Amino acid sequence: MIKNKDNPAQAEIPDIQIQKLIAKELDRQRNQIVLIASENYTSMEVMRATGSVLTNKYAEGYPGDRYYEGCQIYDEIEDLAIKRCNELFNSNFCNVQPHSGVQANTAVFLGTLNCNDHILSMNLRDGGHLSHGHKQNLTGKYFEVFTYSVDPETEMIDYENVKKIAWIARPKLIIAGASSYSRIIDYTKFREIADEVGAFLMADIAHVAGLIAGGVHPTSVGIADFTTATTHKTLRGPRGGLIIADKKYSGMINKSVFPGIQGGPLMNTVAAKAVCFNEALQPLFKEYARRVVENSKVLCANLKDRGFRIVSGGTDNHLFLVDLTNMGMTGYEASDTLASAGIILNKNVIPYDTLNPNITSGIRIGTPAATTRGMGVKEMHKIGEFITFALKNREDKTAIADLANRVKKLAQDFPVYADM
Ligand code: DSN
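Scoring rules and cut-offs
- Residue positions are counted from 1 within each chain, in the order its sequence is given.
- Residues qualify for local features only when their pLDDT is at least 70, as the model is predicted, and side-chain atom pairs are given and counted only at 80 or more; totals for whole chains, interfaces and linings, by contrast, use all residues.
- The basis for every side-chain value is the complete set of non-hydrogen atoms in the structure, without hydrogens or water.
- What makes a nonpolar core is a set of buried Ala, Val, Leu, Ile, Met, Phe, Trp, Tyr and Cys residues whose side-chain atoms join them at distances within 4.5 Å.
- Throughout, exposure labels follow a simple rule: accessible area from a 1.4 Å probe, protein chains only, divided by the maximum for the residue type, with under 20% read as buried, over 50% as exposed, and the rest as partly exposed.
- Segments assigned H or I by DSSP are reported as helices when at least four residues long, segments assigned E as strands when at least two residues long, and all are numbered from the N terminus.
- Contacts: residue pairs with any heavy atoms within 4.5 Å of one another.
- Residue-level confidence of the predictor, termed pLDDT, takes values from 0 up to 100.
- Two strands form a pair only when DSSP identifies at least two bridges running between them.
- Near, as used in this document, describes a residue that has one of its heavy atoms within 4 Å of the molecule or strand being considered.
- Whenever a nitrogen or oxygen atom comes within 3.5 Å of another N or O atom, the pair is scored as a polar contact, on the condition that within protein one atom can donate a hydrogen and the other can accept it, and that pairs from neighbouring residues in sequence are kept only if both atoms are in side chains.
- Here the Shrake-Rupley method, with its probe set to 1.4 Å, supplies the accessible areas, and only the displayed protein chains count as covering residues.
- We place a 1 Å grid over just the protein atoms. Points where a 1.4 Å probe fits but has no way out form a cavity, open points with protein on both sides within 12 Å along at least 5 of 7 lines form a pocket, and any residue with an atom within 4 Å of a point lines it.
- To be counted as sitting in a cavity or pocket, a molecule needs more than half of its atoms within 2 Å of that site's grid points.
- Each residue gets one label: Ala, Val, Leu, Ile, Met, Phe, Trp, Tyr, Cys and Pro are nonpolar, Asp, Glu, Lys and Arg are charged, and the others, such as Gly, are polar.
- Note on geometry: axes are lines fitted to C-alpha atoms, helical ones only across the stretch in contact, with angles between N-to-C directions running from 0 to 180 degrees.
- Helix span, as expected, comes to 1.5 Å for every residue beyond the first.

(A) A look at the nonpolar core. F89, I174, F190, I205 and L235 are the most contacted members of the largest nonpolar core, which totals 62 residues. Here this core gets nine residues from one element, more than from any other, and that element is helix α10 (residues 267-281). Residues contacting I174, with those up to four places away along its chain left out, are L120, A166, F190, I193, A194, V197, A199, F200, L201 and M202. Judged by nonpolar contacts, the second largest core, of 33 residues, contains F308, I310, M380 and I387.

In structure tokens:
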């Protein structure tokens, strides 16, 4: 902290309002059970780097080639982040500067596409992502977007159908990746399709990056031309993005990130990414990834046994979708009820949903954050019981309030940030 009290420019002005809000949020994170598939609890070491003096410096450019003086330490930090990321994903080039997953995707689009080029991606309603072609995203504005759906019966990707659409669309870029798809994605099949139609292949592994790093989901690295990811979901790092590609694309990707779509990198976040990669390289992270998937399968099976319809019948990864149509409620009603009980997840469209994204027929459930707390199979059964109880008693405010106490007790049995 700046200490010179005689210098008014260095006066510390405690911001009690923000401090109080942060304290309240800490309390919420400690006392609620987070089942949002894209969230996690990052380590204190990651937070220390994020909240460090590294936030003070511009470092536009890349290690050894910056536009500002005084970047020697930043070069070392970024080199370390790159080295660790390449080790983790067994790659020979990566860019760790994207501020987010969308930025990472956008950089790949800038490097590979021109206006009106065709792209092929998963339909948002079936599990895709806004940055893969939503009409209000720049992808929807500047490119011709074609989409593939999941098979209406199996609710899984039908690779033959993807191939058929690829021949019609003749895309320059195919995107394999999703934000609410609970099955293994076969990057090799996507590669074959991309090769047949002469397209680039981009794998957006934002959701499964930690599972790939932990060896419980097949990798896209070495198969897709470009792999984009976020670092804060299953990878459990700071909020941010990254791009992995073969080094033959290094010039193009680096230029696309800076100056293409970004200015100065957030070097405090780059340092926190380095910390996250180091953590994910430890043998314990493999066990974490295994447990995330185990917990997901257990909770999914528990809810299925209790009469909930699970999209695609199950899960292979950290998340699954529950179709609430046969329960006579919408995703909005269910997520709102569960939030009142301290179980935090999100409403989510399901394949071929007829309801809009603000209402939805389903909810998405994910286990990365609960697993970080140390919850296991026993707790997943308990959470399955809690979810069922809440949804069956959603009109009964006393029952929901009583459940909230039980949820809080379970959360407190698995403390997070106990030393803060
Ligand atoms: N919003 C993220 C998710 O929840 O899946 C994806 O960007």
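Structure shown, so let's carry the discussion forward.
(B) The confidence of the model for the protein chain, seen in detail. Residues of the protein chain with pLDDT of at least 70 account for 99%, and the chain-wide mean is 97. Across the protein chain, element-level confidence peaks in strand β4 (residues 94-95) with a mean pLDDT of 99 and bottoms out in helix α5 (residues 138-142) with 94.

(C) Up close: the sheet that holds strand β14 (residues 346-348). Overall, antiparallel pairing links the four strands, which are arranged β11-β12-β15-β14 in an open sheet. Whereas interior strands pair on both sides, the edge strands pair on one side only; in this sheet they are β11 (309-310) and β14. Where β11 and strand β12 (residues 319-323) come together, two bridges link them in antiparallel fashion. For I310, the partnering residue across the bridge sits in β12 and is V322.

(D) Quick look at the site of the ligand. With respect to spatial proximity, the complete set of residues near the ligand consists of S38, H129, S179, H207, K233 and R364. Separating an oxygen atom of the ligand from a side-chain N or O atom of H207 is a distance of 2.7 Å. Here an oxygen atom of the ligand and a side-chain polar atom of R364 are 2.8 Å apart. Taken by itself the ligand offers 230 Å² of open surface, and the protein chains cover 62% of this. In this structure the site holding the ligand corresponds to the largest pocket. Of the residues in the shell around the ligand, the class split is no nonpolar, four polar and two charged.

(E) Representation of the sheet that holds strand β7 (residues 173-177) within the structure. If you walk across this open sheet you meet the seven strands as β4-β10-β9-β8-β7-β5-β6, and the pairing is mixed. Across the chains shown, the open sheet's two edge strands, defined by having one partner strand only, are β4 and β6 (144-148). Two strands pair when backbone bridges link them, and β4 and strand β10 (residues 241-245) are joined in this way by two bridges, in the antiparallel orientation. From the neighbouring strand, N95 faces β10, where its bridge partner is I243. Packed onto the sheet, helix α7 (residues 187-197) meets β6, β7 and β8 (200-204) and runs at close to 170° relative to β7.

(F) How the structure looks around helix α4 (residues 101-112). Counted at 1.5 Å a residue, the expected span for α4 with its 12 residues is 16 Å, and the 17 Å between its end C-alpha atoms agrees. Taken as a whole, α4 has its buried residues at G101, A104, N105, T106, A107, V108, F109 and T112. In this structure, the buried side of α4 is in contact with α5, β7, β8, β9 (226-230), β10 and α9 (250-261). Its side-chain oxygen 3.3 Å from the backbone nitrogen of V102, S100 forms the N-cap of α4.

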